[in-house]
Amino acid sequence: MNTRFKKVEASDVALLQEISRKTFLETYAAQNTAENMQHYLDKDFGLESLLAQINNPDSGFHLVWLGDQPAGYLKVNTGLSQTEPNMEQGLEIERIYVLQEFQGMKIGQLLFEHSIAIARKAGKAYIWLGVWEENGKAIAFYQKNGFVQFGTHVFKLGGDEQTDFLMKLDLK
Ligand SMILES: CC(C)(COP(=O)(O)OP(=O)(O)OC[C@H]1O[C@@H](n2cnc3c(N)ncnc32)[C@H](O)[C@@H]1OP(=O)(O)O)[C@@H](O)C(=O)NCCC(=O)NCCS
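Heads up: these notes are all about the structure in this document. Quick caveat: nothing in here was measured; it's all calculated off a predicted structure. (Residues numbered from 1 in each chain as written. Predicted model: local features only at pLDDT ≥ 70, side-chain atom pairs only at ≥ 80, totals over all residues. Heavy atoms only, no water.)

1. Here's the deal with the nonpolar core
Stage number 1. In this structure, L16, F24, Y73, I127, Y142 and F147 are the most contacted members of the largest nonpolar core, which totals 45 residues.
Stage number 2. Residues in contact with I127, not counting those within four places in the same chain, are L91, I93, S115, I116, A119, F147, M167, K168, L169 and L171.
Stage number 3. Of all hydrophobic cores here, the second largest spans five residues; its members include M87, A125, Y126 and W128. (Core = buried A, V, L, I, M, F, W, Y, C linked by side-chain atoms within 4.5 Å. Buried < 20%, exposed > 50% of the residue type's maximum accessible area, 1.4 Å probe, protein only. Contact = heavy atoms within 4.5 Å.)

2. Some remarks on the site of the ligand
Stage number 1. Taken together, the neighbourhood of the ligand is formed by 21 residues, with V98, K106, G108, N135 and K144 sitting nearest.
Stage number 2. Contacts to the ligand include M105, whose backbone N or O atom sits 3.3 Å from an oxygen atom.
Stage number 3. In this structure, an oxygen atom belonging to the ligand sits 2.8 Å away from a side-chain N or O atom of K144.
Stage number 4. Taking 940 Å² as the accessible area of the ligand by itself, protein coverage stands at 76%.
Stage number 5. Taking a 2 Å distance to the grid points as the criterion, the majority of the atoms of the ligand fall inside the largest pocket. (Near = heavy atom within 4 Å. Polar contact = N/O pair within 3.5 Å; in protein donor to acceptor, adjacent residues only side chain to side chain. Areas by Shrake-Rupley, 256 points an atom, 1.4 Å probe, with all protein chains shown as cover. 1 Å grid on protein atoms, 1.4 Å probe; cavity = no way out; pocket = protein on both sides within 12 Å on 5 of 7 lines; lining within 4 Å. Sits in = over half its atoms within 2 Å of the grid points.)

3. Overview of the environment of S59
Stage number 1. With respect to the secondary-structure elements, S59 resides in strand β2 (residues 59-66).
Stage number 2. A residue is classified by how much of its surface remains accessible, and S59, at 9% relative accessible area, is buried.
Stage number 3. In this structure, the C-alpha to C-alpha distance between S59 and R21, residues 38 residues apart in sequence, is 19 Å.
Stage number 4. Once you skip the residues sitting within four places of it in the chain, S59 turns out to touch Q53, K75, V76, N77 and S81.
Stage number 5. Side-chain polar atoms of S59 contact the side chain of N77, separated by 2.7 Å. (Helix = DSSP H or I, 4+ residues; strand = E, 2+ residues; numbered from the N terminus.)

4. Digging into the pattern of salt bridges
Stage number 1. This structure, assessed with the given rule, holds seven salt bridges.
Stage number 2. We note a salt bridge from D12 to K6, for which the minimum N-O separation is 2.7 Å.
Stage number 3. A relative accessible area of 15% means that D12 is categorised as buried.
Stage number 4. The network of salt bridges with shared partners includes K43, D44, K75, E94 and R95. (Salt bridge = Lys/Arg side-chain N within 4 Å of Asp/Glu carboxyl O.)

5. Some words on helix α5 (residues 136-144)
Stage number 1. Along α5, the positions that sit buried rather than exposed are A138, I139 and Y142. Here the buried residues of α5 occupy an arc of 100° about the axis, which is enough to place them on one side. The exposed set on the far side of α5, more than 90 degrees from its buried face, consists of K137 and K144.
Stage number 2. Looking at the buried side of α5, the elements it contacts are β4 (90-98), β5 (126-132) and β7 (160-170). (Arc of directions from axis to C-beta.)

6. Digging into the sheet that holds β7
Stage number 1. Strand order in this open sheet of seven strands is β1-β2-β3-β4-β5-β7-β6, and the pairing throughout is mixed. Sheet topology places β1 (3-7) and β6 (148-157) at the edges, where each strand pairs with a single neighbour. On average, each strand axis in the sheet is inclined to that of its neighbour by 30°, with strand direction left out of account.
Stage number 2. Here seven bridges tie β5 to β7, and the two strands are oriented antiparallel to one another. In the sheet register, L129 faces β7, and the bridge partner there is M167.
Stage number 3. Along the sheet face, helix α4 (residues 107-121) touches β1, β2, β3 (69-77), β4, β5 and β7 and points at about 160° away from the line of β4.
Stage number 4. Together, β4, β5 and β7 form the strand contacts of α5, whose direction differs from that of β5 by roughly 160°. (Pairing = 2+ DSSP bridges. Axes fitted to C-alpha atoms, helices over the stretch in contact; angles between N-to-C directions.)

7. Looking at unusual backbone geometry
Stage number 1. In this structure, N86 takes a positive phi of about 60° despite not being glycine.
Stage number 2. Position of N86 relative to the elements: it lies in the loop between β3 and β4.
Stage number 3. Judged by its relative accessible area of 66%, N86 falls in the exposed class.
Stage number 4. A positive phi angle is found at K106, which is not glycine, with a value near 75°.
Stage number 5. By secondary structure assignment, the location of K106 is in the loop between β4 and α4.
Stage number 6. Taking relative accessible area as the criterion, K106 reaches 58% and is therefore assigned exposed.

Quick look at the structure:
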């Protein structure tokens, strides 16, 4: 499979916005109200917000390309950019998304392995993430990759407060 990774720069923001919105809608639109979805898309996937996230030195976006097509992306956080406190030794996978048409082709696996390489290079002790309790497909993917649940947190999608499972994989 002809795949390659690219760390997202400010000049890639339009492409990042497109793939972020598309994968988010594909994943969650069927189970959430249009109003809550729109609120999240406007807030987190606006160009200004995405640019600020790209320019944050404690966050990194990585696009994966299949041939000449963008197929998915990863967002990782370290330090104080993580969405939970007291995670100094951790790297958070905040987003890992593969476009529907490319799912099941091991691209998610490549993105996940890329995040491990980033974490190891940064000397992190573990990788962690939050996943919506109703996203059984992603939970199965993480369990298969050795993640175990260690807690929960609340994620706000518009006016809806949702429970995320917190999952962790030790690297040391
Ligand atoms: C979850 C996701 C990243 C997985 O990526 P993918 O490219 O579809 O998965 P892969 O092809 O890399 O599969 C890797 C392994 O996980 C397994 N897997 C993938 N989906 C699975 C599922 N629904 N149930 C069980 N195992 C699954 C595969 O069988 C494969 O294992 P194998 O090597 O033994 O065959 C992808 O489906 C996705 O983007 N989903 C929508 C977005 C999302 O929910 N993101 C997570 C937000 S927290």
